[in-house]
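Tertiary structure, described
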Amino acid sequence: MNVALSKGEIVKAKVHVTLKTGVLDPQGKAIGNALAALGFKGVGDVRQGKFIELEIDETDPDAARALVEKMCVQLLANTVIENYDIELNQ
Amino acid sequence: MKSAVIVFPGSNCDRDIAVALERASGIAPEMIWHRETALPLLDLIVLPGGFAFGDYLRGGAIAACSPIMRAVAERANQGVPLLGICNGFQVLTESGLLPGVLMRNAGLKYICRDVHVRVASNDSVFTQGYAEDQLLRIPIAHNEGNYRAQESMLDRLEDEGLIAFRYAARDGSANGDANPNGSARDIAGIFNQSRTVLGLMPHPERAVDPAHGGTDGVAMFEGLVAALAR
């Protein structure tokens, strides 16, 4: 969810990149196995993703979101296998 | 045959491919730094193996944004043959020149060993030196070689003969154990629609000298010279 943004403040964007449902995640599986080996019980499916924090030199939240969206499609996520989620903050 | 090898920070098979190309063609390829923005007239462009930009973000993702890639894509779209080996294959999928994606190996291990692959199509400048179904022994060395694409795309690759190489067992059969990395449909290499772009995970340039332990890569480079020499 987005914090209410007022115009004129530098925008920080938080981007979560996660594997799409159904895409095999061997790293998540390995983490799950390691947790089980440590004795943690009841851990179901584990999925690993990426978290990217960006400072955007753009004070208009709508423009900032559009910009980060473009960055996600072109570089930050591989949309063949990954979803992205953008959160804007001051 | 005039060729060029694109060199990224972290490329490490650029010299190997240069040796293989020079042996086959008699002409040393131009080594082109990734910051360049223009290419000379060429018959073949190669994106070599390695770990461009340390595989940061995703293998090949940062390299796909390098300045030279705009010129590379332009030439590829004009039909100039473009070969991506290992990390070069990852750069090709990340730049959208080939469909799909190369994910972490299913077994989570970096694999460096000889594998067997079958020539799934010899209908290209890259594979015409081989017989269809020919069994080759070629080294692989990768951590992200697990080829994935939507089922509909995999069907299309199969239906249109765009799969170049498939992992196979030593006896040539397609048994699951022969697939080293979990690749969908045992895919080791694919072509683009016009078969002028090839991406493959195995390293043919590491199988061109008896001292390598095998020479099954030679036919790829000699085939390229036969097709492209002017």
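Provided above is the structure to which this section pertains.
Heads up: these notes are all about the structure in this document. Everything numeric here is computed off the predicted structure, so don't read it as measured data.

Section: the overall build of chain B
Looking only at helices and strands, chain B features five helices and 11 strands. Since a compact globule built from 230 residues should have a radius of gyration of about 17 Å, the 16 Å found for chain B is in line with a globular shape. If you line up chain B on its principal axes, its C-alpha atoms span 45 × 35 × 35 Å. Out of the 230 residues in chain B, the part that is buried amounts to 55%.

Digging into unusual backbone geometry
Only a minority of non-glycine residues have a phi that is not negative, and only a minority of peptide bonds are not trans. All names here are of chain B. With a phi angle near 70°, L57 is a residue other than glycine that sits in the positive phi range. Residue position: L57 is located in the loop between β3 (44–47) and α2 (68–77). For L57, a count of 18 C-beta atoms within 10 Å corresponds to the partly exposed category. Positive phi, close to 75°, is recorded for D133, a residue that is not glycine. Of note, D133 is situated in the loop between β6 (111–119) and β7 (135–142).

Some remarks on the sheet that holds strand β2 (residues 30–33) of chain B
All names here are of chain B. Reading across the sheet, the nine strands line up as β2-β1-β3-β4-β11-β10-β9-β6-β7 and stay open at both edges, with mixed pairing between neighbours. Both edges of this open sheet fall to β2 and β7, since each of them pairs with a single strand only. Adjacent strand axes in the sheet meet at a mean angle of 25° when their direction is disregarded. Where strand β1 (residues 3–7) lies against β2, four bridges are found, and the strand directions are parallel. Counterpart to I6 in the pairing with β2 is I32.

Notes on the interface of chain B and chain A
The accessible area lost on association of the parts is a frequent measure of interface size. With 11 residues of chain B at the contact, the number on the chain A side is seven residues. Counted by class, the side of chain B that touches chain A contains six nonpolar, one polar and four charged residues.

So, how was this worked out
Residues numbered from 1 in each chain as written. Chains lettered and ligands numbered in written order. Predicted model: local features only at pLDDT ≥ 70, side-chain atom pairs only at ≥ 80, totals over all residues. Helix = DSSP H or I, 4+ residues; strand = E, 2+ residues; numbered from the N terminus. Rg over C-alpha atoms; globule rule 2.2 N^0.38 Å. Buried ≥ 20, exposed ≤ 12 C-beta atoms within 10 Å, placed from the backbone. Pairing = 2+ DSSP bridges. Axes fitted to C-alpha atoms, helices over the stretch in contact; angles between N-to-C directions. Contact = placed C-beta atoms within 7 Å. Nonpolar A, V, L, I, M, F, W, Y, C, P; charged D, E, K, R; others polar.

Structural measurements only, silent on function.
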